[in-house]
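The residues making up each chain are set out below.
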Amino acid sequence: MSRDIDVAVVGGGPAGMATALAFLKAGFQVKVYERYGHARPAGNILNLWPPPIHALASMGVDTKDIGAPCHSTFRNAAGRLRADLKMPREITDKYRGGFVGLLRPDLYRRMLEAIPDGVMEFNSRVQAIEDHPDHVRITLADGRVVRAGILVGADGIDSLVRAHLWGDAPKRNHDLHIIGGFTFERPPGAEAGKCVLKHNRYVQGTYSSILSNGRQGFQWWFVEAWPDANDAPAKLHEHALELARGFQGPLADLVRATPESNMHRWPIRDRIPLPRWSKGRITLAGDAAHATSPYAAYGAGMSICDGYFLGQRFHKVDLDDAAAVARAFEEYEACQRAHTTQQVNQAYFFGRLFHHVAFPLNVLRDLVLDWTPFLQWQAGDKNPSNIIAQLKVMGPGIVP
Ligand SMILES: Cc1cc2nc3c(=O)[nH]c(=O)nc-3n(C[C@H](O)[C@H](O)[C@H](O)COP(=O)(O)OP(=O)(O)OC[C@H]3O[C@@H](n4cnc5c(N)ncnc54)[C@H](O)[C@@H]3O)c2cc1C
């Protein structure tokens, strides 16, 4: 049967925009259906590892000076080094630092600039999906019906597409929240080119360099245990300042320099990873596939890489050939599923380790973190090398 478009994408966040760009690059017609009237960044603070930077550049997104290159360290509250994130020299040279600090709206703007007119359909909420052997039928809230060769659900943690494929399951509450913000002031002690992740006995307090439209600044955030059922702190700014007092260094000054309009709070939730993402002519990408705690600082990065792999694995695939479609989905999952599952689980583990270990075991934990190479091994060596290894899986680009 004839179809209206090759690829329908539900959701216009980082996963949806990346999926659109990668499929366009691979030669397909694409439409992205986004429920809101514009691409709506959820908050501001963001860091990107090298694989998403490589993916963005391959999709035609301008990555020049997209953010501030950062060298990252884990430290205790007094500043004692616990782990130094190791990146090979050729990677930091090529990707301008191993971890780039930026503001989320800048990323969205650059991605949108690379997407041709007519691809993004805003104010288009997808309401229902029907799978057929040779197409997917999509019904939009305004009554329109679209027939697509394949459908990618990039509709975030509360994904309708995920629920359609794999049933509904509750989100996993971490009983943590993150409070973050940014400023273009430069208080004494805040060092450009650094991401300094500190933990005291209960709280993570971090700052990282950012670059936004040529302006240097800093983003900061705190993670602390906070029962999901509790209301948000009534006075966010004061609460953040109180948390900052638990750390030596520039955090308190950074919070003071941040207007409330540049601050946000998010309860932390994820989903237990799925054993499969794709069924028939439908798959998942981004948080719909692997909603992740911000402890990974990689949810948007993995979402962008999902899009990259989808475009790469579908290049030259005939969408009328159901077996070829199934093979391409399998290859896509083979590139990303184990990697993202490991990241989701590790981020969940770090949230438990740093915020849900009760006294006196948390004293023992801190002795281990201060005096053994555990954190260096896990967060300083193993995790960056797992992430860098994805660059090899990605190869030089979407289209050979
Ligand atoms: C505080 C915080 C800090 C973070 N820090 C980092 C970081 O440093 N680095 C990093 O890589 N990641 C980070 N993340 C994670 C990152 O924000 C997410 O993983 C990323 O936004 C996921 O992108 P997505 O496109 O899959 O989903 P989303 O960004 O949630 O986008 C989904 C889109 O789908 C649309 N949609 C939903 N349902 C429908 C429907 N039925 N019809 C049409 N449209 C629909 C929504 O409106 C939305 O625009 C952080 C997250 C938080 C909360």
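Here the structure is shown first, and the text comes after it.
Please read these numbers as outputs of a predicted model, since none were measured by experiment.

## Re the nonpolar core
One finds Phe23, Met59, Leu107, Met111, Leu151 and Phe314 to be the most contacted residues of the largest nonpolar core, which totals 102 residues. With 10 residues, helix H10 (residues 322-355) is the single largest residue contributor to this core. Non-local contacts of Leu107, meaning those with residues more than four positions away in its chain, are made with Leu46, Leu48, Leu56, Ile66, Leu102 and Ile304. Formed by 20 residues, the second largest nonpolar core is a distinct cluster that contains Ala77, Trp220, Leu243 and Phe247.

## Quick word on the pairing of strand E5 (residues 81-84)
Sheet topology places strand E4 (residues 68-76) next to E5; 3 bridges connect them, and they run antiparallel. When the sheet's bridge partners are listed, Arg75 is paired in E5 with Leu81. Between E4 and E5, which pair antiparallel in sequence order, lie 4 residues; one of them, Gly79, sits at a positive phi of approximately 105°.

## Focus on the packing of helix H9 (residues 299-314) against helix H12 (residues 374-394)
One way to put it is that H9 packs onto H12 with a least axis distance of 11 Å and a crossing angle of 20°. Here H9 is positioned roughly parallel relative to H12, judged by the angle of their axes. The two elements H9 and H12 cross, and the hand of that crossing is left-handed. Of H12, the residues touching H9 (which contributes Cys305, Tyr308, Phe309, Gln312 and Arg313) are Gln390, Val393 and Met394. Taken together, the residues of the contact of H9 with H12 break down into 5 nonpolar, 2 polar and 1 charged.

## What about the site of the ligand?
As a matter of local geometry, the ligand sits amid 31 residues, with Glu34, Arg35, Asn47, Arg104 and Asp287 nearest to it. In this structure, Ala297 approaches the ligand through a main-chain N or O atom, which is 3.1 Å from a nitrogen atom. For the ligand, the protein covers 88% of the area, taking 1000 Å² as the surface of the free molecule. Elements with a contribution of two residues or more to the shell around the ligand: helix H1 (14-25), strand E3 (45-48), helix H4 (104-114) and H9. Top element by residues in the shell around the ligand is H9. It accounts for 4 residues.

## Brief notes about helix H2 (residues 50-58)
Most of H2 is tucked away: 8 of the 9 residues are buried. If you check which residues of H2 are buried, you get Pro50, Pro51, Pro52, Ile53, His54, Ala55, Leu56 and Ser58. After H2 finishes, the residue Gly60 shows a positive phi value of roughly 90°.

## Comments concerning the pattern of salt bridges
Considering all chains together, one arrives at 25 salt bridges under this definition. Note that Arg3 is salt-bridged to Asp6, the shortest N-O span being 3.4 Å. For Arg3, a relative accessible area of 25% corresponds to the partly exposed category. Note on Asp6: relative accessible area 13%, which makes it buried. A salt bridge links Arg365 to Asp366, with the nearest nitrogen and oxygen atoms 2.8 Å apart. Taken individually, Arg365 and Asp366 each receive the classification buried, so the pair is uniform in this respect. Through salt bridges that share partners, Arg82, Arg201, Arg365, Asp366 and Asp370 make up one connected network.

## Things to note about unusual backbone geometry
The omega torsion across Phe359 and Pro360 is 5°, close enough to zero to call that bond cis. Structurally, the position occupied by Pro360 is in the loop between H10 and helix H11 (361-371). Positive phi, normally seen in glycine, also occurs at Asp65, with a value near 50°. By the element assignment, Asp65 lies in the loop between H2 and E4.

Rules used throughout
- Residues numbered from 1 in each chain as written.
- Predicted model: local features only at pLDDT ≥ 70, side-chain atom pairs only at ≥ 80, totals over all residues.
- Heavy atoms only, no water.
- Core = buried A, V, L, I, M, F, W, Y, C linked by side-chain atoms within 4.5 Å.
- Buried < 20%, exposed > 50% of the residue type's maximum accessible area, 1.4 Å probe, protein only.
- Helix = DSSP H or I, 4+ residues; strand = E, 2+ residues; numbered from the N terminus.
- Contact = heavy atoms within 4.5 Å.
- Pairing = 2+ DSSP bridges.
- Axes fitted to C-alpha atoms, helices over the stretch in contact; angles between N-to-C directions.
- Parallel < 35°, antiparallel > 145°, perpendicular 65-115°, else oblique.
- Left-handed = near helix turned anticlockwise from the far one by under 90°.
- Nonpolar A, V, L, I, M, F, W, Y, C, P; charged D, E, K, R; others polar.
- Near = heavy atom within 4 Å.
- Polar contact = N/O pair within 3.5 Å; in protein donor to acceptor, adjacent residues only side chain to side chain.
- Areas by Shrake-Rupley, 256 points an atom, 1.4 Å probe, with all protein chains shown as cover.
- Salt bridge = Lys/Arg side-chain N within 4 Å of Asp/Glu carboxyl O.

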